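Here are the chains, one letter per residue:
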Amino acid sequence: MIKIRDLEKIYRTEEVETVALNKISIDVKEGEFVAIMGPSGCGKSTLLNILGLLDDPDNGSFLFNNIEVAHFNERKRAELRKHNIGFVFQSFNLIDELTVFENVELPLIYTGVKSGERKKRVEEVLDKMQIMHRRNHYPQQLSGGQQQRVAVARAVVNNPKLILADEPTGNLDSSNGNEVMSLLTDLNEQGTTIIMVTHSEHDARYSHRIIRMLDGQTVLENIMV
Amino acid sequence: MLKNYFKTAWRSLRQNKGLAFLNIFGLAIGMAFALLIGLWIQYETSFDTFHKNKDRLAIIRKHTKFNNQKNTAVSQPLPLYDELKRNYPEIKRLSRIDDGTYSLMAGNSKFSKTGLYVDADFLQMFSFPLVHGNAATALNDPNSIVLTESLAIALFGKEDPIGKTIKLDNQYTVQVSGVAKDVPDNSSITFDFLAPYAFKFRFNRIKNAQTQWGNNFLMYIVEMKEGSSMQALSKKIEPLVMQKRKDGITQLLFLQPLQQWHLYNEYKEWANTGGKIEYIRLFSIIGIFILLIACINFMNLSTARSEKRAKEVGIRKAVGSRRIQLIAQFLIESVFTTFVAFLLSILLIQLFLPLLHDSGFDKIRFRFGDVSLWASLLTVCIITGLIAGSYPALYLSSFIPVKVLKGTLKQGVAAISFRKALVVLQFTISIGLIVCTVIVFQQIKHAKDRNLGYNPNNLLTIASSNDLQKNYEAWKQDLLNTGYVESVAQVSSPLTEVRNSWSDFTWQGKTPGAITSFDVVMTDWDYEKTAGIKISKGRGFSRAYKTDSNAILINEAAEKLIGYKEPLGKIINWNDEQFTIIGVVQDMVMRSPFKPVSPSLILFSNTNTSEMLVRLSTSADLAKALTAIQPITEKYNPALPFEYKFVDEEFGKKFLIENQVGKLASILAGLAIFISCLGLFGLTAFMAERRTKEIGIRKVLGASVANLWLLLSGEFVLLVIIAGLIASPLAFWLMQDWLQQYNYRISIQGWVFVLAGFLAVLIALFTVSTQAIKAALADPVKSLRSE
Ligand SMILES: Nc1ncnc2c1ncn2[C@@H]1O[C@H](COP(=O)(O)OP(=O)(O)O)[C@@H](O)[C@H]1O
Ligand SMILES: [Mg+2]
């Protein structure tokens with residue numbers, strides 16, 4: 001599903017040049033659950049953002065379902081992204097002005113799903129995430145765990161083929177963290193490809209494969225059994 | 001999608017109530033005044049546009065040259081009428097217009113009203129529709145009269161007025177032949193009644209004038225034949241008066257389209273220099289500026305808040321929104337906000353209108369039923385929303401989701417400099433307006449404080465009439481006997497007007513061929529005493545001298561023009577009459593207080609008077625004096641209701657436009673600075689909030705409240721000072737240009753700019769300080785723990 005080759009990303013500021021990704025090559029097959037680990041600043045988030053088409057690489061190739069997407073323009077990327085990719089962030093990133101229901105509904109609005117259908121699908125996924133009773137609350141009225149469940153709900157509502165999660169448990173205590181991890185595992189078992197950045201060896205054990213990064217490169221791959 | 005945008009917009013407003021209030025309120029005030037100015041402009045430009053024939057109507061004007069000065073006048077001689085009627089086929093219709101105030105009596109009701117003596121064509125030339133009577137024939141009979149609806153009701157109540165008789169000036173009986181709709185507010189031609197000009201031919205003065213090409217007292221309006229060129233006719237009639245006069249005096253006739261009359265009625269050196277149109281231009285610019293200031297607030301507060309909005313942008317982008325969709329979202333949001341402000345502004349307009357009553361807005365209404373008005377307002381509203389939202393939309397939508405979601409987004413230097421530039425722009429406009437206001441008022445005060453050459457206080461003018469002229473001596477004596485009246489005089493024109501300007505004077509030593517003109521006042525005894533005119537040489541008219549019927553007083557300007565070193569006893573000739581100069585009086589400001597005084601002559605005559613001057617004694621109680629004067633005047637002047645004018649008030653009316661401009665400018669200046677401060681307030685509140693942690697740390701490290709206050713306010717003060725430096729030369733240039741129209745004017749002084757700048761700094765500092773000090777006083781432990 002994902003095939004990147006010699007991908008480079010360099011951040012240039014006035015004084016320094018940071019090589020965030022240094023000719024990195026990775027493959028991810030459909031249905032896989034991959035964890036990415038590595039010390040802070042090694043380029044994990046950068047990689048994830050490029051995979052999610054939020055950012056573009058400076059060099060290298062990125063095949064998404066065998067289509068070269070490295071140099072897609074803004075419109076094409078938004079198009080591809082909204083139909084195929086869901087995001088879960090460490091800091092939840094919910095819109096404060098919208099309710100739980102409306103936050104989850106947002107991706108469906110951008111993909112042009114009709115209102116009746118939207119309601120059905122949002123309620124379905126809220127039910128699955130067990131936060132249906134909170135549907136009319138605003139994010140600030142929820143606990144961290146609940147907020148992250150909403151974020152996961154929002155990531156999956158469009159039935160994306162790929163979910164990208166950047167330290168999804170980073171801001172959660174262990175019981176809430178485990179809950180989110182089991183949600184992700186369930187999704188994976190139903191066929192969704194998941195790529196997750198994490199600092200926790202415990203969380204990484206939920207995955208099929210761990211990619212370890214250092215200074216913008218992969219240094220080791222562990223296949224889990 | 002739209003629903004989602006509105007939801008976000010509405011909740012974002014609700015969750016940031018303070019900011020939303022500042023935004024909407026500022027925008028609403030700005031819009032309210034921009035709309036008011038828009039309504040005013042609409043009103044002023046609508047003058048004389050309601051005539052069906054408006055494109056074919058023109059007023060005849062004349063360029064003249066006297067005393068080596070080029071002037072442009074509307075008054076024309078009487079014989080011009082027959083000449084134009086007879087020899088100019090391109091003229092379809094033509095009317096003389098002579099206005100005056102007359103007394104009308106019917107039964108028990110009597111009124112003093114303004115009427116126009118016009119030709120029979122008048123009602124067909126103009127669209128003053130008749131509700132009774134026939135426009136084609138109503139003015140055919142010399143003894144007919146056409147009333148306005150309200151005058152007809154005042155005179156006859158509910159009865160049918162047609163065929164009823166009215167006594168005019170207690171002497172002439174005329175018959176009502178028509179009733180016209182009341183003249184609309186936006187008409188340059190106004191009247192309470194119309195009467196045929198033919199009526200006037202019973203007077204010797206008018207009969208004589210039929211051959212006098214140099215006797216200018218009538219206004220003329222022509223209606224062109226369809227398809228004839230106004231310009232061509234204007235050129236064709238140019239030399240007409242000069243050909244008839246044959247005395248070498250420069251008199252050039254031309255046509256001015258009627259529609260330009262209201263807005264372009266000023267001429268200088270024979271060139272049209274505009275008039276009210278200047279104010280329309282000025283205030284359109286100011287209106288746009290005010291709106292711009294309010295829009296800037298919107299932009300500033302929106303972008304200042306952008307760090308918060310940035311997260312939303314990031315998320316929306318991550319879930320698939322395109323940039324263009326975000327731009328649309330933010331624009332819709334700002335149009336929505338603008339619309340809320342617009343509704344509020346309509347409320348504010350209703351609130352402001354009564355307050356603007358004496359600033360030229362008394363005729364302006366917000367007509368709720370006017371669909372085209374709503375349509376144009378809505379357009380303005382949407383455009384305002386788009387402008388106000390443009391920068392925030394482009395700026396916010398440009399955020400890169402990766403950065404904002406990671407929280408690494410810091411407001412760029414560019415965004416912050418842009419905000420500062422906007423603040424500078426706001427205060428430039430505000431300070432500029434303050435400077436303009438001060439200078440306008442200085443100029444008004446300058447002209448008001450001018451030595452008038454007479455004393456306008458405690459002085460009444462009462463219109464004369466045949467009765468009052470007949471009974472003059474008895475009336476005068478009775479008034480003096482009341483003890484409230486110090487002195488009475490009869491005179492040919494009130495002190496604040498010039499009604500006679502004669503050109504045929506000669507004297508020994510006059511340069512041959514020199515063309516001169518003198519303002520002429522005719523009066524008998526006690527004029528100088530009553531008006532409070534100071535005599536600088538010689539004496540005034542006196543009963544002690546039998547020869548005074550041929551005596552003449554000249555003013556200092558006339559003395560200079562005539563050039564006699566020792567004027568007393570010298571002779572001035574007028575046609576075959578001889579006048580002996582017996583005194584020189586100080587220059588009296590009878591025309592514009594902004595212009596030099598024209599050479600004037602005071603002639604002795606008790607037959608050509610039309611006004612009575614009554615000086616009350618300074619100790620007299622005004623109310624008591626008037627109650628004493630009224631019955632005496634009514635006794636000797638039974639045809640007219642007792643009406644009087646205060647000379648000082650009449651003089652004050654010469655400042656009508658200047659006062660309106662001054663008041664409006666001061667309101668707008670206050671408004672500009674208020675809206676600017678509203679924005680500044682929001683901005684500092686926001687900055688202080690953003691810098692809480694920094695302020696906390698500085699405090700822990702030992703910064704005093706004063707240090708912090710300086711830190712937070714200093715920057716804004718600097719911005720305002722920069723604004724002052726930009727505004728000063730612009731305002732100087734603008735006001736220098738404005739002052740050019742006045743001969744008698746102030747010179748702009750430097751302190752005005754310093755004062756305006758200082759005032760702006762002070763107000764800005766006050767605005768900023770409330771927030772800065774609040775932030776500086778906050779408990780640092782709390783702000784640091786919140787991390
Ligand atoms: N917008 C940016 N500008 C400059 N440098 C950046 C930017 N984003 C990330 N970096 C740098 O790129 C490197 C990789 O960052 P990141 O992918 O966030 O690391 P990780 O998520 O593994 O901690 C770091 O050295 C970081 O400082
Ligand atoms: Mg990271």
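Residues numbered from 1 in each chain as written. Chains lettered and ligands numbered in written order. Predicted model: local features only at pLDDT ≥ 70, side-chain atom pairs only at ≥ 80, totals over all residues. Heavy atoms only, no water.

**What about the overall build of chain A?**
Phase 1 of the analysis: Of regular secondary structure, chain A possesses seven helices and 10 strands.
Phase 2 of the analysis: When the backbone C-alpha atoms are referred to their principal axes, chain A occupies close to 45 × 40 × 40 Å.
Phase 3 of the analysis: The buried share of chain A, reckoned over its 225 residues, is 56%.
Phase 4 of the analysis: For chain A, the proportion of contacts with a sequence separation of at least 24, taken over those separated by at least 6, is 68%.
Phase 5 of the analysis: Working note: accessible area of chain A is about 9,800 Å², and carbon and sulfur atoms make up 45% of it. (Helix = DSSP H or I, 4+ residues; strand = E, 2+ residues; numbered from the N terminus. Buried < 20%, exposed > 50% of the residue type's maximum accessible area, 1.4 Å probe, protein only. Contact = heavy atoms within 4.5 Å. Areas by Shrake-Rupley, 256 points an atom, 1.4 Å probe, with all protein chains shown as cover.)

**Overview of the domain arrangement of chain B**
All names here are of chain B.
Phase 1 of the analysis: Under the domain assignment used here, chain B contains domain 1 (1-47 + 268-411), domain 2 (54-261), domain 3 (441-448 + 649-787) and domain 4 (459-648).
Phase 2 of the analysis: For domain 1 and domain 2, the distance between their C-alpha centres works out to 49 Å.
Phase 3 of the analysis: Summed over both partners, the interface of domain 1 with domain 2 comes to about 900 Å²; 56% of that surface belongs to carbon and sulfur atoms.
Phase 4 of the analysis: Three residues, Phe47, Glu269 and Trp270, lead the burial of domain 1 against domain 2; their summed loss comes to 74% of the area buried on that side.
Phase 5 of the analysis: Applying the counting criterion to the domain 1 and domain 2 interface returns zero salt bridges.
Phase 6 of the analysis: Put simply, domain 1 and domain 2 have five residue pairs in polar contact (both at pLDDT 80 or more) between them. (Domains from an automatic or database assignment. Buried area = accessible area lost by both parts, 1.4 Å probe. Salt bridge = Lys/Arg side-chain N within 4 Å of Asp/Glu carboxyl O. Polar contact = N/O pair within 3.5 Å; in protein donor to acceptor, adjacent residues only side chain to side chain.)

**Thoughts on the site of ligand 1**
Phase 1 of the analysis: Close to ligand 1 lie 13 residues, the nearest being Gly41(A), Gly43(A), Lys44(A), Ser45(A) and Thr46(A).
Phase 2 of the analysis: Residue neighbours of ligand 1 fall on chains A and B, so the site bridges chains.
Phase 3 of the analysis: For ligand 1, an oxygen atom lies 2.6 Å from a polar atom in the side chain of Ser45(A).
Phase 4 of the analysis: Alone, ligand 1 offers 560 Å² of accessible surface; in the complex the protein occludes 72% of this.
Phase 5 of the analysis: Of all the secondary-structure elements, those providing two or more residues to the shell around ligand 1 are strand E2 (17-28) and helix H1 (44-51) of chain A together with helix H13 (401-406) of chain B.
Phase 6 of the analysis: At three residues, the largest contribution of residues to the shell around ligand 1 is made by H1(A).
Phase 7 of the analysis: Considering only residue class, the shell around ligand 1 consists of four nonpolar, six polar and three charged. (Near = heavy atom within 4 Å. Nonpolar A, V, L, I, M, F, W, Y, C, P; charged D, E, K, R; others polar.)

**Some remarks on the interface of chain A and chain B**
Phase 1 of the analysis: Listed per partner, the contact involves 25 residues of chain A and 25 residues of chain B.
Phase 2 of the analysis: Each partner contributes to the roughly 2,500 Å² buried at the junction of chain A and chain B, and carbon and sulfur atoms together form 55% of this total.
Phase 3 of the analysis: There are zero salt bridges connecting chain A and chain B.
Phase 4 of the analysis: The tally of links between chain A and chain B comes to two residue pairs in polar contact (both at pLDDT 80 or more).
Phase 5 of the analysis: Counting residues per element, the ones that place at least two in the side of chain A that touches chain B are helix H2 (74-84) and helix H3 (100-110) of chain A.
Phase 6 of the analysis: A breakdown of the residues in the side of chain A that touches chain B according to their chemical character gives 12 nonpolar, four polar and nine charged.

**As for unusual backbone geometry**
Most of the time, phi is negative for any residue but glycine, and the peptide bond is trans.
Phase 1 of the analysis: Despite not being glycine, Asp215(A) shows a phi value in the positive range, around 50 degrees.
Phase 2 of the analysis: As for its placement among the helices and strands, Asp215(A) is situated in the loop between strand E9 (209-214) and strand E10 (217-223).
Phase 3 of the analysis: Positive phi is not limited to glycine here, since Asn170(B) has a value of about 60 degrees.
Phase 4 of the analysis: Tracing the backbone shows Asn170(B) in the loop between strand E8 (165-168) and strand E9 (172-180).

**Focus: the pattern of salt bridges**
All names here are of chain B.
Phase 1 of the analysis: Evaluation of the coordinates by the stated rule reveals 38 salt bridges over all chains.
Phase 2 of the analysis: Put simply, Asp121 and Lys85 hold a salt bridge, and the shortest N to O gap is 3.3 Å. Placement of Asp121 in the loop between strand E5 (109-118) and helix H4 (122-125) and of Lys85 in helix H3 (residues 80-87) is noted, with a sequence separation of 36 residues between them.
Phase 3 of the analysis: Taking the relative accessible area as the measure of exposure, Lys85 reaches 44% and is therefore partly exposed.
Phase 4 of the analysis: In this structure, the salt-bridge partner of Arg499 is Glu611, at a minimum N-O distance of 3.1 Å. Here Arg499 is found in the loop between strand E16 (485-491) and strand E17 (501-502), whereas its partner Glu611 is found in strand E25 (residues 611-616), with 112 residues between them in sequence.

**A look at the environment of Leu291(B)**
Residue and element names in this part refer to chain B.
Phase 1 of the analysis: Assignment of secondary structure puts Leu291 in helix H9 (residues 276-304).
Phase 2 of the analysis: Expressed as a C-alpha distance, the spacing of Leu291 and Thr72, which sit 219 residues apart in the sequence, is 39 Å.
Phase 3 of the analysis: Excluding its chain neighbours within four sequence positions, the residues that come into contact with Leu291 are Gly30, Met31, Ala34 and Thr384.

**A word on the packing of aromatic side chains**
Residue and element names in this part refer to chain B.
Phase 1 of the analysis: Tallied over the full model, the rule gives 40 aromatic pairs over all chains.
Phase 2 of the analysis: An angle of 65 degrees between the planes, with centres 5.7 Å apart, marks the rings of Phe254 and Tyr267 as edge-to-face. Placement of Phe254 in strand E12 (residues 251-257) and of Tyr267 in strand E13 (residues 266-268) is noted, with a sequence separation of 13 residues between them.
Phase 3 of the analysis: Overall, Phe254 belongs to the buried group, its relative accessible area being 13%.
Phase 4 of the analysis: Take Tyr267: its relative accessible area is 19%, and that puts it in the buried class.
Phase 5 of the analysis: Clustering of aromatic rings is evident, with ring pairs tying together Tyr102, Tyr117, Tyr172, Phe193, Phe199 and Phe203.
Phase 6 of the analysis: Positioned above the aromatic ring of Tyr545, the side-chain terminus of Arg539 is 3.6 Å from the ring centre.
Phase 7 of the analysis: The positively charged end of Lys570 is found above the aromatic ring belonging to Tyr564, 5.0 Å away from the centroid. (Phe/Tyr/Trp six-rings, centres within 6.5 Å; stacked < 30°, edge-to-face > 60°. Lys NZ or Arg CZ within 6 Å of the ring centre and 35° of its normal.)

**Digging into the pairing of strand E14 (residues 271-274) of chain B**
Residue and element names in this part refer to chain B.
Phase 1 of the analysis: As judged from the three bridges shared by E13 and E14, these two strands associate in the antiparallel manner. From the neighbouring strand, Glu266 faces E14, where its bridge partner is Gly274.
Phase 2 of the analysis: With antiparallel pairing between neighbouring strands as the criterion, E13 and E14 make up a hairpin whose turn holds two residues, including Glu269 at a positive phi of roughly 50 degrees. (Pairing = 2+ DSSP bridges.)

**Focus: the environment of Thr609(B)**
Residue and element names in this part refer to chain B.
Phase 1 of the analysis: With respect to the helices and strands, Thr609 occurs in the loop between strand E24 (600-604) and E25.
Phase 2 of the analysis: With 130 residues separating them in the primary sequence, Thr609 and Leu479 have C-alpha atoms 18 Å apart.
Phase 3 of the analysis: Beyond its immediate stretch of four places on either side in the chain, Thr609 contacts Ser464, Gln469, Gln490, Val491, Ser492 and Met522.
Phase 4 of the analysis: Polar contacts involving the side chain of Thr609 include one to the side chain of Gln490, which spans 2.9 Å.

**A look at a nonpolar patch on the surface**
Phase 1 of the analysis: On the surface, Leu718(B), Ile722(B), Ile726(B) and Leu730(B) cluster together to form a nonpolar patch covering roughly 350 Å² of accessible area.
Phase 2 of the analysis: When you line up the elements, Leu730(B) lands in helix H23 (residues 705-739). (Patch = residues over 30% accessible without salt bridge, like charges linked within 9 Å, V, L, I, M, F, W, Y side chains within 5 Å.)

**Notes on the pairing of strand E7 (residues 144-148) of chain B**
Residue and element names in this part refer to chain B.
Phase 1 of the analysis: Of all five residues making up E7, five are buried, and the element is well covered by its neighbours.
Phase 2 of the analysis: What you see with E7 is no split at all: Ser144, Val146 and Thr148 on one side and Ile145 and Leu147 on the other are buried throughout.
Phase 3 of the analysis: Where E7 lies against strand E10 (residues 193-196), two bridges are found, and the strand directions are antiparallel. Counterpart to Leu147 in the pairing with E10 is Phe193.

**A word on helix H7 (residues 230-237) of chain B**
Residues and elements named next belong to chain B.
Phase 1 of the analysis: Within the span of H7, buried status applies to Met230, Leu233, Ser234 and Ile237. Buried residues of H7 fall within an arc of 105 degrees about the axis and therefore sit on the same side. The outward face of H7, more than 90 degrees from its buried face, is lined by the exposed residues Gln231 and Lys235.
Phase 2 of the analysis: The distance from a side-chain oxygen at the start of H7 to the backbone nitrogen of Gln231 is 3.3 Å, and the residue carrying that oxygen is Ser229. (Arc of directions from axis to C-beta.)

**Some thoughts on the side chain of Glu44(B)**
Residues and elements named next belong to chain B.
Phase 1 of the analysis: Mapping Glu44 onto the fold places it in helix H2 (residues 17-45).
Phase 2 of the analysis: Judged by its relative accessible area of 4%, Glu44 falls in the buried class.
Phase 3 of the analysis: At 3.5 Å, the side chain of Glu44 and the side chain of Lys276 are in polar contact.
Phase 4 of the analysis: Excluding residues within four positions of it along the chain, Glu44 makes contact with His262, Leu263, Lys276 and Ile280.

**Let's talk about the packing of H2(B) against H9(B)**
All names here are of chain B.
Phase 1 of the analysis: Running from amino to carboxyl end, H2 crosses H9 at an angle of 165 degrees, the nearest separation of the two axes being 9 Å. Taken together, the axes of H2 and H9 lie roughly antiparallel to each other. Here H2 runs over H9; the crossing is left-handed.
Phase 2 of the analysis: A per-class count over the contact of H2 with H9 returns 17 nonpolar, eight polar and two charged. (Axes fitted to C-alpha atoms, helices over the stretch in contact; angles between N-to-C directions. Parallel < 35°, antiparallel > 145°, perpendicular 65-115°, else oblique. Left-handed = near helix turned anticlockwise from the far one by under 90°.)

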